[in-house]
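Examination of the molecular architecture
Now for the letters of each chain:
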Amino acid sequence: LGRTAVRTAARPAGRRFFSAESHEAHHIKTMDTWRKISFACVPVLGLLAVVNVGIHMSHEHHEHEAPAFSYNKIRAKKFPWECSDCPLFDRECHRRCREGGN
């Protein structure tokens, strides 16, 4: 057991041959092709983004009040803050509650 381990450790490691090494030129050519395609797509995508933002900003946006569904404000127990009927980040509700109108 000892001599075999010493002989194996003293032997230089051989070069490993992977199956893809024979096609290295093809891989480099394909990589360069996709790199060129990627560089060509960046300006096209930038132009499309500018066009879409322009179209989006060119028309009027309508703000609609969400319908007050009965199931949206079910409270099993009160919230632990001053205006217990208001959600934590609803500043408009907190303002109305402090004014006394809720």
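The structure this text deals with has already been given above.
In this report, the structure presented in the accompanying data block is examined. (Residues numbered from 1 in each chain as written. Predicted model: local features only at pLDDT ≥ 70, side-chain atom pairs only at ≥ 80, totals over all residues. Heavy atoms only, no water.)

Take the environment of glutamate 99 next. On the secondary structure map, glutamate 99 appears in helix α3 (residues 91-99). Since its relative accessible area comes to 59%, glutamate 99 is described here as exposed. (Helix = DSSP H or I, 4+ residues; strand = E, 2+ residues; numbered from the N terminus. Buried < 20%, exposed > 50% of the residue type's maximum accessible area, 1.4 Å probe, protein only.)

With that settled, consider the packing of aromatic side chains. Evaluation of the coordinates by the stated rule reveals one aromatic pair. Aromatic pair phenylalanine 79 and tryptophan 81: ring centres 4.7 Å apart, planes at 10 degrees, arrangement stacked. (Phe/Tyr/Trp six-rings, centres within 6.5 Å; stacked < 30°, edge-to-face > 60°.)

In this structure the tally under the stated criterion is two disulfides. Note that cysteine 83 is cross-linked by a disulfide to cysteine 97, the S-S spacing being 2.3 Å. Given an S-S torsion of about -100 degrees, the disulfide between cysteine 83 and cysteine 97 has left-handed geometry. Highlighted residues: cysteine 83 in the loop between α2 (24-58) and α3 and cysteine 97 in helix α3, separated in sequence by 14 residues. The exposure class of cysteine 97 is partly exposed, given its relative accessible area of 23%. The side chain of cysteine 86 participates in a disulfide bridge whose partner is cysteine 93; the two sulfur atoms lie 2.0 Å from each other. Looking along the S-S bond of the cysteine 86-cysteine 93 disulfide, the torsion reads about -70 degrees, which is the left-handed sense. Taking the relative accessible area as the measure of exposure, cysteine 86 reaches 1% and is therefore buried. Cysteine 93 gets classed as buried once you look at its relative accessible area, which sits at 2%. When the cysteines engaged in disulfides are numbered in sequence order, the protein chain pairs them as 1-4, 2-3. (Disulfide = S-S within 2.5 Å.)

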